[in-house]
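Observations on the model geometry
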Amino acid sequence: MSSNDLPALGAGSPGANLPALRGHNAALVLGLLRAAGGEGVSRLELAAHTGLTPQAVSKITARLRSEGLAAEAGRRASTGGKPATVLRLVPAARHAVGLHLDRDELTAVLADLTGRAVDVRRAPLAFEAGAEQVLTAVEREVAALLTAAGGPRVLGVGVACPGPLDHTTGVLHRVTGAPRWDGFPLRDAVAARLGLPAVLDKDTNAAALGLDRARPDGTGSFGYLHLGTGLGAGLVLDGSLYRGPHTGAGEFGHQIVQLDGPRCDCGRQGCIEALCLASVAGGDLPGAARALGVGAANLVELLDIDQVLLGGRTVLEHPEPFLGGVARELAAQARTRGGGSGARPAVSVALAPGGAQVVADGAAELVLAPLFGARRPTLRPR
Ligand SMILES: [Zn+2]
């Protein structure tokens, strides 16, 4: 293990304009404290799970306590020795703001260190109207959120919006349906307007990150499919969010499933997004669900994921037809695989926990996650 003073967010890393919050080893310890919840964890357990020496753990936990991030949570009997002092995370010690900029609505959450939203605000938004209107709305809603919370210590702002965009530079590309944003440095503009560090990602990636960090077991792979004003996916593969080198992964809606099909807002024809949105507009929910299910089955064929999670306004308004339609296509896909009596069951589909707030919660997690290490640790016996 290297020095305690390595920045948790290395130079050139996606969140590099967030300040270097903690050392790498402190992030490991904070991650375990977060995983332990209110029950807390002893210094010896922290040492066992991080591979750090007890002395190093004591030094780190002393610093975390002096900064108010950790606190003593009583004593617990330990095998053969004196009762061990248990430490826990102090959820309200710091906060993060998560912003979901949808095409017609802004959702802002204030999350504590556990990722729990302690407050949420919603306001209409005309995303395609351009930067000035959007930044004004962001400033107004964030100010209201922070005032209502009595001026909490905020680590930064996570911004999630429709793609495509570049997560590493914080610059928007030709957003489907809102091409005027192409080339706009939204991350830096938000940071300058609010005077807070900011990080930018696609709505689907933010949601998938938040969903991943909230899972009881951080292994395995899933796809989060978001059907609202557009259609996209967030991918968690082998326990890590997969963005691709250009934040181009998960452009699920623009896979072409019908050659020479209807024109899509992206400029091509027969995209699954165009088919889905056309079916929804025509009141044909089973048709939309079938198209979504075909895409989900393609995703399973391509990436061998374990689970499909559905979210987005259109799905939340009519969950049953979408869950049913996607389950049918996944079952059909599983039947083609064979395997006899040992055949794996169809990949499961469920609504993503978090409802309409899943993207905004995930946007806050964009800020919080680096504080707790790149991958979520578990406290399972080693
Ligand atoms: Zn398209």
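Residues numbered from 1 in each chain as written. Predicted model: local features only at pLDDT ≥ 70, side-chain atom pairs only at ≥ 80, totals over all residues.

- Looking at an unreviewed UniProt entry, one finds the protein chain named Transcriptional regulator and attributed to Streptomyces lydicus.
- Annotation of the protein chain in UniProt includes, under Sequence similarities (unreviewed entry), the sentence "Belongs to the ROK (NagC/XylR) family." (UniProt positions renumbered as here; feature names shortened; annotations may be inferred.)

**Things to note about the confidence of the model for the protein chain**
- Considering every residue of the protein chain, the mean pLDDT works out to 89; 91% of them sit at 70 or more.
- Long-range and interchain partners of residues 1-21, a stretch whose pLDDT sits below 50, account for 41 contacts in this model, where long-range means more than four residues apart. (pLDDT = per-residue confidence, 0-100. Contact = placed C-beta atoms within 7 Å.)

**Thoughts on the pairing of strand S4 (residues 95-101)**
- Burial within S4 is extensive, with seven of its seven residues counted as buried.
- Of the two faces of S4, the one holding His95, Val97, Leu99 and Leu101 and the one holding Ala96, Gly98 and His100 are both buried throughout.
- Bridge count between S4 and strand S5 (residues 105-112): seven bridges; the pairing is antiparallel. Residue pairing across strands places Leu101 opposite Leu106, the latter belonging to S5.
- The hairpin turn running from S4 into S5, its antiparallel successor, is three residues long.
- Relative to strand S7 (residues 154-161), S4 is paired through five bridges, and the arrangement is parallel. Bridge pairing links His95 to Val154 in S7. (Buried ≥ 20, exposed ≤ 12 C-beta atoms within 10 Å, placed from the backbone. Helix = DSSP H or I, 4+ residues; strand = E, 2+ residues; numbered from the N terminus. Pairing = 2+ DSSP bridges.)

**A word on the domain arrangement of the protein chain**
- Domain annotation of the protein chain identifies domain 1 (24-92), domain 2 (95-207 + 360-368) and domain 3 (219-354).
- On a C-alpha basis, the centres of domain 2 and domain 3 stand 25 Å from each other.
- Contacts between domain 2 and domain 3 engage 17 residues on the former and 20 residues on the latter.
- Secondary-structure elements contributing two or more residues to the side of domain 2 that touches domain 3 are strand S8 (165-166) and helix H6 (203-214).
- With four residues, the single largest contributor to the side of domain 2 that touches domain 3 is H6. (Domains from an automatic or database assignment.)

**Here we look at the sheet that holds strand S1 (residues 41-42)**
- As summarised here, the arrangement of the three strands in space is S1-S3-S2, forming an open sheet in which the pairing is antiparallel. Looking at which strands have only one partner, the edges of the open sheet turn out to be S1 and strand S2 (70-76).
- Pairing of S1 with strand S3 (residues 84-89) involves two bridges; the strand directions are antiparallel. Its bridge partner being in S3, Ser42 is matched across the sheet by Val86.

**Some remarks on the nonpolar core**
- Within the largest apolar cluster, 104 residues are counted, with the highest numbers of intra-cluster contacts made by Val29, Leu99, Val159, Cys276, Leu292 and Val308.
- Tallying contributions element by element places helix H8 (residues 285-303) first for this core, with nine residues.
- What Val308 contacts, discounting residues up to four positions off in sequence, is Phe222, Gly223, Leu225, Ala296, Val326, Leu330, Val347 and Val349. (Core = buried A, V, L, I, M, F, W, Y, C linked by C-beta atoms within 7 Å.)

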